[in-house]
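Architecture and fold: a report
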Amino acid sequence: MKAVTDYQTDWPQSPGATIVSLAKSQGEILTALFEELGPEFMDVVRHGKRISPHLASSLEERLGGSRGFWLRRDAAFQKAKAESSAETETEWVREIPYADIANLGWLPKTRNFNEKLNNLYDFFECDNLREWRNIYGQTLERVAFRTSFSFQNDASATLS
């Protein structure tokens, strides 16, 4: 009889990383798995997308672990990813001087967090925080600004 141990990590690891590790340890070639299991499998491994019950069954047959294992692993990862994303978006919205931008008439005035978030994504012409960071996040690293000890340096305001 197999012993079941409840083990929880402090960090989310994608099921895709587990799949890659298992495949390598079993001598599987990922391209063969990609061809056999199709685009959904590629999305899970490369982009952290959800595992469907059908794919979980296929993973059970090819790599081991039960269908339930793959679905629970995915659910835990998706939950951690969503919580992390929400925390990060909250911090990002707080860093952006939204009220100042709204007072200039560039954004509508609102106190609703979701409206602010969506308005900022529209303003910066991006769909999510990852895309914003890809476009704007490295800007401050590539340029040098003269600063003053008399005023607080606000990197997010500089990008607005």
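A short note on the packing of aromatic side chains
- Evaluation of the coordinates by the stated rule reveals eight aromatic pairs.
- Between the aromatic rings of Phe 124 and Trp 132, the centroid separation amounts to 5.8 Å while the plane-to-plane angle is 75°, which identifies the pairing as edge-to-face. Summarising the burial analysis for this pair, Phe 124 and Trp 132 share the class buried.

A few points about the packing of helix α1 (residues 15-25) against helix α3 (residues 39-47)
- Axis separation between α1 and α3 bottoms out at 6 Å; the angle between their running directions is 105°. Between α1 and α3, the angle is such that the two are roughly perpendicular. Contacts from Gly 16, Ile 19 and Val 20 in α1 reach Phe 41, Val 44 and Val 45 in α3.

A short note on the environment of Arg 111
- Mapping Arg 111 onto the fold places it in the loop between α6 (98-103) and α7 (113-123).
- Take Arg 111: its relative accessible area is 84%, and that puts it in the exposed class.
- The spacing of Arg 111 and Tyr 98 is 13 residues in sequence and 9.8 Å in space, taken between C-alpha atoms.

Let's talk about the pattern of salt bridges
- Going through the model one piece at a time under the given rule, you end up with two salt bridges.
- In this structure, Glu 36 engages Arg 62 in a salt bridge whose closest nitrogen and oxygen atoms are separated by 1.8 Å. Residue Glu 36 is found in helix α2 (residues 30-37), and its partner Arg 62 is found in helix α4 (residues 53-63); the two are separated by 26 residues along the sequence.
- On the basis of relative accessible area, Arg 62 is assigned to the partly exposed category, the value being 24%.
- The shortest N-O distance in the salt bridge between Arg 50 and Asp 74 comes to 3.7 Å. With a gap of 24 residues between them, Arg 50 in the loop between α3 and α4 and Asp 74 in helix α5 (residues 67-95) connect regions that are remote in the sequence.
- Of the residues examined, Arg 50 reaches a relative accessible area of 55% and is grouped as exposed.
- For Asp 74, a relative accessible area of 3% translates into the label buried.

Some details on α2
- The set of residues buried in α2 consists of Leu 33, Phe 34 and Leu 37. Here the buried residues of α2 occupy an arc of 105° about the axis, which is enough to place them on one side.
- The secondary structure elements touched by the buried residues of α2 are α1, α3 and α4.
- The positive-phi residue at the C-terminal boundary of α2 is Gly 38, with phi of around 85°.

Some remarks on a negative patch on the surface
- A cluster of acidic residues, Glu 83, Glu 87, Glu 91 and Glu 95, forms a negative patch at the surface.
- Overall, Glu 87 belongs to the exposed group, its relative accessible area being 54%.

The rules we used
Residues numbered from 1 in each chain as written. Predicted model: local features only at pLDDT ≥ 70, side-chain atom pairs only at ≥ 80, totals over all residues. Heavy atoms only, no water. Phe/Tyr/Trp six-rings, centres within 6.5 Å; stacked < 30°, edge-to-face > 60°. Buried < 20%, exposed > 50% of the residue type's maximum accessible area, 1.4 Å probe, protein only. Axes fitted to C-alpha atoms, helices over the stretch in contact; angles between N-to-C directions. Helix = DSSP H or I, 4+ residues; strand = E, 2+ residues; numbered from the N terminus. Parallel < 35°, antiparallel > 145°, perpendicular 65-115°, else oblique. Contact = heavy atoms within 4.5 Å. Salt bridge = Lys/Arg side-chain N within 4 Å of Asp/Glu carboxyl O. Arc of directions from axis to C-beta. Patch = residues over 30% accessible without salt bridge, like charges linked within 9 Å, V, L, I, M, F, W, Y side chains within 5 Å. Areas by Shrake-Rupley, 256 points an atom, 1.4 Å probe, with all protein chains shown as cover. Lys, Arg positive; Asp, Glu negative; His and termini not counted. Charge placed at Lys NZ, Arg CZ, Asp CG, Glu CD.

Note that all results are geometric; they support no functional claim without further evidence.
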